[in-house]
Amino acid sequence: MEFTKISSDRIGDSYYKMLHPSGLTIYVYPKKSYNSTYAIFGTNFGSIDTTFMYKGEKIVVPDGIAHYLEHKLFESEDGDAFAKYAKTGAMANAYTSFDKTCYLFSCSDNFEESLNILIDFVQSPYFTEKTVQKEQGIIGQEIKMYDDNANWRVMFNVLTAMYHNHPVSVDIAGTVESIADITAEKLYKCYECFYNLNNMSLCIAGNIEPQEVLRIVDKKLKPSPKQEAYSIFEDEPYEVCQSYIEQNFDIAMPSFVLGFKEKAKQRVATVEEIAATDIILYSLLSDASDLYNKLINEGLINDSFGYEYFEGRGYASVLFSGESRNPEKVTEMIKLTIENLHENGISDKDFEMSKRAIYGKSIEILDNPDNIADILISFDFSKRELYDYINAIAKITKNDIENRLKEQLDVNNCSLSVVKPFCED
Amino acid sequence: MSKINRNPINNRVTFTSIKEDKFKANGIYVNVYLPLDKETAPLNTVLANVISSSCKEYPNMQSLNRKLSMLYGANISGTTRKIGDNLSIILSTQGIDDKYAIDEGEKISKSRAELLCSMIFNPNVEGSAFCKSDVEREKRQVLDYIDAMYNDKRQYSLKRCTEIMFANEQFGINRLGTKEQVEKITPEDLYVAWQNMINNGIFEIVTIGSSDYDDVKEMFARYLPEKQLISTKLNTQVISTVNKINKVNDIQDVSQSKLVMGFRTGIAEPDGDTMAMRLTNSILGGTAHSKLFLNVREKLSLCYYCSSSYNRLKGCMFVESGVETKNIEPAYKEIMNQLNELKNGNITDEEITAAKMSFINATNSICDSIGNLEYWYTSQIFDHEINSPEQAIEKIKAISKEDIIKSANTIKLDTIYTLTGKEKKED
């Protein structure tokens, strides 16, 4: 049982990877002379995993259950994890996204104690009807907070407009109604199916060495049986459901998300594909691009504008978002520029500029242990390696870009979501 | 540990270099401190935006951003920040160190430093006015930002509570100003604001990273000679008494209500024992094991968030929560109840130790981030002394339960702000 050392001459760092006999994948990225260490322990189970097969049985659970489980896992039979962390000084948190649930802490002292707490509580589910009931009020308020958040809603609305069947369009926390159906029994079922170490990963970055991590976790990890549960998703048509969706809020500044849906493959994207997409999007709409400058100089967008490649199990799209008083015009100009891009490709100058910018930013991220561990875990669940991604940027060619472009940014397959103030009357 | 060198260049310019080899990036941060003034705050905010979007050499935003992209995605930014009753204009640049360039021998760091200097001292001005289209674009961005503040109900509620509580003090001034003020700004106004910044600002320049920035120091020294400062008095008014509690309720079409409570403590820099108050705040509502989190959220299930924050320059504290309208009263009562527990000394040793450990943990981590290190030092320039993270940790360790009780007893409720949904009218 040994760590594999993965090094990069380019960056001058190394990290270590191991498949532990318990089934858990462990990554350790030492950052010498740092004071703090950041650890993240997560499962490849998120809000989209509401229908799955387990031992020949099809199981459907309420929307929002992964997030609810995240809240409840903090409570063990012998007390609350936050109370335990209070004794080590670590700052702890957790989050649930579309495709994963992660528990994390950062600390400068008492690393061993904090890591023990993390490994213990994530492996010790304890749910009773009473404790489950207590969380309804807290999560209910979390949901209501997001219901009032127009920037959050505009995102889910675009997903609703793009996806017919895929659960990515359902709010991560579910609804007040859906969480009312969550019971201790259902939480235990999800736990049994997905909190299997073969389906999980532990990533640690900072002032730590791999052998030290191994010494601590060896005593704690309970070997898991074979991972048997797997999510099933209904077939998702290529086409978006609707091209436009709008909602009104008590807000003063309208905002939008414009999503270009693409064909989700049987696998998630490779590092080469991600690198190519990063460069395409940078040359298309970074603040150095022609289009961005045109839009901002004409008063159509402001510096809240951004974009992301939104991709996971069974879904893939490019999202452009920001505040605008004329999202229709922005959409029209973006589509026109994309058509031109498909026709003429990226200029040599834009290619070189984008490549350098993306490369520099990917190096800069490595200054922060939080970022490193977050990337390691999401890359692990997508079977990607961090340095492979950075090398892919350095080596990418214009030909790679042209090939990638063929499967992205279809102007005939996009949805615009807009949130607007109520009409005054 | 990083090597920190702080030395004054002259009566208004101080240069701090934090030499740290562990980072792959490095940065230069120019903080200019000016009094917070109702008329000039929006001007300075628009100015920070305009300055960071072009310069003589790269006279439009795109040419500048293309240059930055070629410098491996370097970043240049301009913004303002309220610091006590003062305003700081922050102009900064950050990016990867030379040794990570794909093409060997590129001088990325030096180019960034020169760009930043050129933006601050050789901006894109003609005669005595900034470029009109730059000014109009950045005015509009600030106007959009003012509207966007209204979109975010949590942020908006805190802003409203601050405005109400400090209606008659400098601290109540918003750094963005009002929409009417922003609309009136002319390219000539900005030129005057720029001149004022260069001539009357107090400069704190911080460099962080492994690059050698002696040349940057010289550049700034050349541009910023010693000056008799006419109008730069930088202090903060601290009021510790409350005559009458303000109560304001706004109604909007929202599904969750917000409760923001503003308190005065009178404990502020440079004279007060702010370390004890920081710990007191942490025990009250600064962590996930604080009194507010454990009681208002975990015990009573009234909310998702209930937290407190302390401003050591103004000596004020805010408690924020998002609740059902019908739960505003129970939440308010429990917050006051927990505050009284603190005042009466109902604090366990575990709570104190936990708050100290959490402070130590957060403070140690400061040294692992370029941005946090910069803020750690520049946010202390109005404090009675500048502490390193290590020194601050020693001070927090020495605080006793009595110090905390004493601090807690200075906390007085001043303003209760609520934002409620429309259904309240029908009740």
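Residues numbered from 1 in each chain as written. Chains lettered and ligands numbered in written order. Predicted model: local features only at pLDDT ≥ 70, side-chain atom pairs only at ≥ 80, totals over all residues. Heavy atoms only, no water.

### Some details on the pattern of salt bridges
Note the following rule: Salt bridges are counted wherever a side-chain nitrogen of Lys or Arg sits within 4 Å of a carboxyl oxygen of Asp or Glu. Secondary structure elements follow DSSP: runs of H or I of four or more residues count as helices, runs of E of two or more count as strands, with numbering from the N terminus. Partly exposed describes any residue whose relative accessible area lies between the buried limit of under 20% and the exposed limit of over 50%, with all areas from a 1.4 Å probe on protein chains only and scaled to the type maximum.
Throughout the structure, instances matching the rule amount to 50 salt bridges over all chains. For the salt bridge of Glu-135 of chain A with Lys-72 of chain A, the shortest nitrogen-to-oxygen distance reads 2.9 Å. With a gap of 63 residues between them, Glu-135 of chain A in helix α4 (residues 129–147) and Lys-72 of chain A in helix α1 (residues 65–73) connect regions that are remote in the sequence. A single burial state applies to Glu-135 of chain A and to Lys-72 of chain A, both of which are buried. A salt bridge links Lys-179 of chain B to Asp-147 of chain B, with the nearest nitrogen and oxygen atoms 2.8 Å apart. Here Lys-179 of chain B is found in helix α6 (residues 179–184), whereas its partner Asp-147 of chain B is found in helix α4 (residues 132–151), with 32 residues between them in sequence. Overall, Lys-179 of chain B belongs to the partly exposed group, its relative accessible area being 29%. Asp-147 of chain B gets classed as buried once you look at its relative accessible area, which sits at 8%. A single network of salt bridges, built from pairs that share partners, joins Lys-72, Glu-75, Lys-134 and Glu-135 of chain A together with Arg-297 and Glu-298 of chain B.

### Let's talk about the sheet that holds strand β10 (residues 101–107) of chain A
Through backbone hydrogen bonds, the strands of a sheet pair up, either in parallel or in antiparallel fashion. Residue and element names in this part refer to chain A. For clarity, the cut-off: Here, strands pair whenever DSSP counts at least two bridges between them. What counts as an axis is a line fitted to C-alpha atoms, over the stretch in contact for a helix, and the angles between N-to-C directions run from 0 to 180 degrees.
Spatially, β1-β2-β3-β11-β4-β10-β9 is the arrangement adopted by the seven strands of the open sheet, whose pairing is mixed. Unpaired on one side and paired on the other, β1 (4–8) and β9 (91–96) mark the two borders of the sheet. The sheet shows a mean angle of 15° between the axes of neighbouring strands, direction not considered. Sheet topology places strand β2 (residues 13–19) next to strand β3 (residues 25–30); four bridges connect them, and they run antiparallel. Opposite Met-18, over in β3, you have Ile-26 as the bridge partner.

### Examining unusual backbone geometry
Residue Pro-270 of chain B is reached from Glu-269 of chain B by a cis peptide bond, and omega for that bond is 0°. Along the chain, Pro-270 of chain B turns up in the loop between β10 (257–264) and α9 (274–286). The backbone phi angle of Ser-33 of chain A is positive, close to 60°, even though this residue is not glycine. By the element assignment, Ser-33 of chain A lies in the loop between β3 and β4 (37–43).

### Let's talk about the sheet that holds strand β17 (residues 414–421) of chain A
Residues and elements named next belong to chain A. Which entries qualify depends on this criterion: Throughout, a residue-residue contact means that at least one pair of heavy atoms, one from each residue, lies within 4.5 Å.
Across the sheet, five strands lie side by side as β13-β17-β14-β16-β15; this open sheet has mixed pairing. Only two strands of the sheet have a single partner each, and these edge strands are β13 (244–249) and β15 (306–312). Sheet twist, expressed as the mean angle between neighbouring strand axes with direction ignored, is 20°. Inspection of the sheet shows β13 paired to β17 by six bridges, in the parallel sense. For Phe-249, the partnering residue across the bridge sits in β17 and is Pro-421. Helix α11 (residues 327–344) rests against β13, β14 (255–261), β16 (315–323) and β17 of the sheet, and its axis sits at about 30° to β14.

### So, the interface of chain B and chain A
Going by this rule: Note on definitions: buried area is the accessible-area loss of two parts on being combined, 1.4 Å probe, summed for both. Two N or O atoms count as a polar contact when they lie within 3.5 Å, although within protein this holds only if one can serve as hydrogen donor and the other as acceptor, and sequence-adjacent residues are included solely when both atoms are side-chain atoms. Under the scheme applied, nonpolar residues are Ala, Val, Leu, Ile, Met, Phe, Trp, Tyr, Cys and Pro; charged residues are Asp, Glu, Lys and Arg; polar residues are all the others, including Gly.
Listed per partner, the contact involves 57 residues of chain B and 67 residues of chain A. Both faces combined, the contact of chain B with chain A buries some 5500 Å², and carbon together with sulfur accounts for 48% of it. Glu-324 of chain B is the salt-bridge partner of Lys-144 of chain A, the closest N and O atoms lying 3.1 Å from each other. The interface formed by chain B and chain A contains 45 residue pairs in polar contact (both at pLDDT 80 or more). Going through the elements one at a time, α2 (61–70), β5 (86–96), α4, α10 (291–299), β12 (316–323) and α12 (349–366) of chain B are the ones with two or more residues in the side of chain B that touches chain A. If one sorts the elements of the side of chain B that touches chain A by residue count, α4 of chain B sits on top with eight residues. Of the residues assigned to the side of chain B that touches chain A, the class counts are 23 nonpolar, 18 polar and 16 charged.

### Looking at the domain arrangement of chain A
Residues and elements named next belong to chain A. Keep this limit in mind: Residue ranges assigned to each domain were obtained from an automatic or database domain assignment.
Domain annotation for chain A reports domain 1 (4–231) and domain 2 (244–421). Inter-centroid distance (C-alpha atoms) of domain 1 to domain 2 is 27 Å. The interface of domain 1 with domain 2 comprises 51 residues on the first partner and 44 residues on the second. Carbon and sulfur atoms make up 64% of the area that domain 1 and domain 2 hide from each other, which totals about 3900 Å². Taken together, the links from domain 1 to domain 2 amount to two salt bridges. The closest approach of N and O atoms between Asp-49 and Arg-313, which form a salt bridge, is 2.7 Å.

### Quick notes on the domain arrangement of chain B
Frequently, the measure chosen for interface size is the accessible area that the parts lose on association. All names here are of chain B. Partitioning chain B into structural domains gives domain 1 (3–223) and domain 2 (246–426). With centres defined by C-alpha atoms, the gap from domain 1 to domain 2 works out at 30 Å. Across the contact, 33 residues belong to domain 1 and 37 residues belong to domain 2. A combined buried area of about 3100 Å² lies between domain 1 and domain 2, and 68% of that area is made up of carbon and sulfur atoms. Our count for the domain 1 to domain 2 interface comes out at six salt bridges.

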